[in-house]
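In case you want the letters, here they are:
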Amino acid sequence: MASISLPSLNLSAKLSPFSLSFTARNKSVFYLSAVKFTPLKSNRRNKKYVCRAASVVFRDLDADDFRHPLDRQNTLLLRAIPGLNDIGKALLGTVAEQVMLLENIGTSVLVAENQLPELYQLMVEAAKILNIEAPDLYVRQSPMPNAYTLAISGKKPFVVVHTSLVELLTRKELQAVLAHELGHLKCDHGVWLTFANILTLGAYTLPGLGGLIAERLEEQLFLWLRAAELTCDRAALLVAQDPKVVISVLMKLAGGCPSMADQLNVDAFLDQARSYDKASSSPVGWYIRNAQTRQLSHPLPVLRAREIDEWSRSKEYQSLLNHVTPVKSVQIV
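Residues numbered from 1 in each chain as written. Predicted model: local features only at pLDDT ≥ 70, side-chain atom pairs only at ≥ 80, totals over all residues. Heavy atoms only, no water.

**Q** Is there a simple way to think about the overall build of the protein in this case?
**A** When helices and strands are tallied, the protein shows 13 helices and 9 strands. Across the 333 residues that make up the protein, the buried fraction comes to 53%. For the protein, the computed accessible surface area is about 14,900 Å², with 57% contributed by carbon and sulfur atoms. (Helix = DSSP H or I, 4+ residues; strand = E, 2+ residues; numbered from the N terminus. Buried < 20%, exposed > 50% of the residue type's maximum accessible area, 1.4 Å probe, protein only. Areas by Shrake-Rupley, 256 points an atom, 1.4 Å probe, with all protein chains shown as cover.)

What follows is the structure in structure tokens.
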């Protein structure tokens, strides 16, 4: 699954109808984010919350409890870029914010208690389990399965899901997607994505060394984006409480369709991930693997599946599960 969108569940950087984007020397197009400019922070208020879909109450969940180490490492590298905050504020004005806000609101359906109430409940429950205020949720007509988040300065953030994604996934899988997008908000990913994208875009407009500066920033940005996606897959697992649900989402985004959904096999997809690791373990394979992923904003789906499978069996994840209390369940299929 990914904002002028936050990183989404897309498998690589793709141009969406709402995104301001650019291409550098035929490289991957990537998104420019519109988010509020606030530092990384921890959320330790509202200590107890209920996710009836997952049938548990978590206690004391904080973003750093599930943040991927590579996310933490690469975020620190982005924070070390001098002047990034001020440059981002200068380049992203109120007009650009309004364009993005109105285009999304004007072309989508706002989900509420009386509008697509099932989706509304999925979002509310996912937000509670991640200890974060539920953003607005919009559904937009599109044949491209996608979900993304916008967090505009001074305004309530919102998540957009495409109709084709709703059709492709089960309700449990769809809630995992919403949790993935909420993970970006929980971890304040949008701040650093915005700064890096804006600075890179601005650098390309400069003569002389501008292109070289932007190219180096682009490489660092993509390293961070890929790490951030791994964190948000963990957020999806915290809500789904079942690694096969999250892996199934990744499998379907890689090569699923509604008509054959019942024939897809999560275990076979994990075997595929292990075969990729084996094939890329040689020196030549390692080089090809790095060349293959270097310009992607998202890790390869098989690698994301392997990562979430491994984390689901880790002591870190099991420790989080030890801080849950069962509650009355509402069945979601």
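Right, picking up where we left off after that structure.
**Q** Would you take a moment to explain a nonpolar patch on the surface for this structure?
**A** Together, Val284, Trp286, Tyr287 and Ile288 make up an exposed nonpolar region whose accessible area comes to about 510 Å². Tracing the backbone shows isoleucine 288 in helix H11 (residues 283–293). (Patch = residues over 30% accessible without salt bridge, like charges linked within 9 Å, V, L, I, M, F, W, Y side chains within 5 Å. Salt bridge = Lys/Arg side-chain N within 4 Å of Asp/Glu carboxyl O.)

**Q** Would you mind showing me how to read the packing of helix H4 (residues 117–129) against helix H6 (residues 171–186) here?
**A** The description of two helices packed together rests on the angle between their axes and the distance between the axes. At a minimum axis separation of 9 Å, H4 and H6 run at an interaxial angle of 50°. One way to sum up the angle between H4 and H6 is to call them oblique. The handedness of the crossing between H4 and H6 is right-handed. Counting all contacts with H4, which are made through Glu118, Leu119, Leu122, Met123, Glu125, Ala126 and Ala127, the residues of H6 involved are Arg171, Leu174, Gln175, Leu178, Ala179 and Leu182. When its residues are assigned to classes, the contact of H4 with H6 shows 9 nonpolar, 1 polar and 3 charged. (Axes fitted to C-alpha atoms, helices over the stretch in contact; angles between N-to-C directions. Parallel < 35°, antiparallel > 145°, perpendicular 65-115°, else oblique. Left-handed = near helix turned anticlockwise from the far one by under 90°. Contact = heavy atoms within 4.5 Å. Nonpolar A, V, L, I, M, F, W, Y, C, P; charged D, E, K, R; others polar.)

**Q** How should the layout of surface pockets be read in this particular structure?
**A** Summary: where empty space remains is shown by rolling a probe the size of a single water molecule over the atoms. One number sums up the size of the largest pocket: a volume of about 520 Å³. Lining of the largest pocket is provided by 18 residues; of these, Leu70, Leu223, Arg226, Asn290 and Thr293 occupy positions nearest its centre. Among the secondary structure elements, those contributing two or more residues to the lining of the largest pocket are helix H1 (69–79), helix H8 (210–240), H11 and helix H12 (301–312). A total of 5 residues in the lining of the largest pocket trace back to one element, the largest contributor, which is H8. Its residues assigned to classes, the lining of the largest pocket shows 7 nonpolar, 5 polar and 6 charged. (1 Å grid on protein atoms, 1.4 Å probe; cavity = no way out; pocket = protein on both sides within 12 Å on 5 of 7 lines; lining within 4 Å. Points joined across faces, edges and corners; volume = space filled by probe spheres on them.)

**Q** What am I meant to see in the pattern of salt bridges here?
**A** Once the charged atoms of two side chains with opposite charge are near each other, the side chains can pair. For the structure on display, the rule yields 13 salt bridges. One salt bridge in this structure joins aspartate 136 and lysine 156, with 3.5 Å as the shortest N-O distance. Residue aspartate 136 is found in strand S6 (residues 136–140), and its partner lysine 156 is found in the loop between strand S7 (147–150) and strand S8 (158–162); the two are separated by 20 residues along the sequence. The partly exposed category is assigned to aspartate 136, whose relative accessible area is 26%. Given the relative accessible area of 42%, lysine 156 is considered partly exposed. In this structure, the salt-bridge partner of aspartate 271 is arginine 274, at a minimum N-O distance of 2.7 Å. Separated by 3 residues within a single helix, aspartate 271 and arginine 274 lie in helix H10 (residues 266–279), roughly one turn from each other. Using a relative accessible area of 45% as the deciding quantity, one classes aspartate 271 as partly exposed. We classify arginine 274 as partly exposed; its relative accessible area is 43%.

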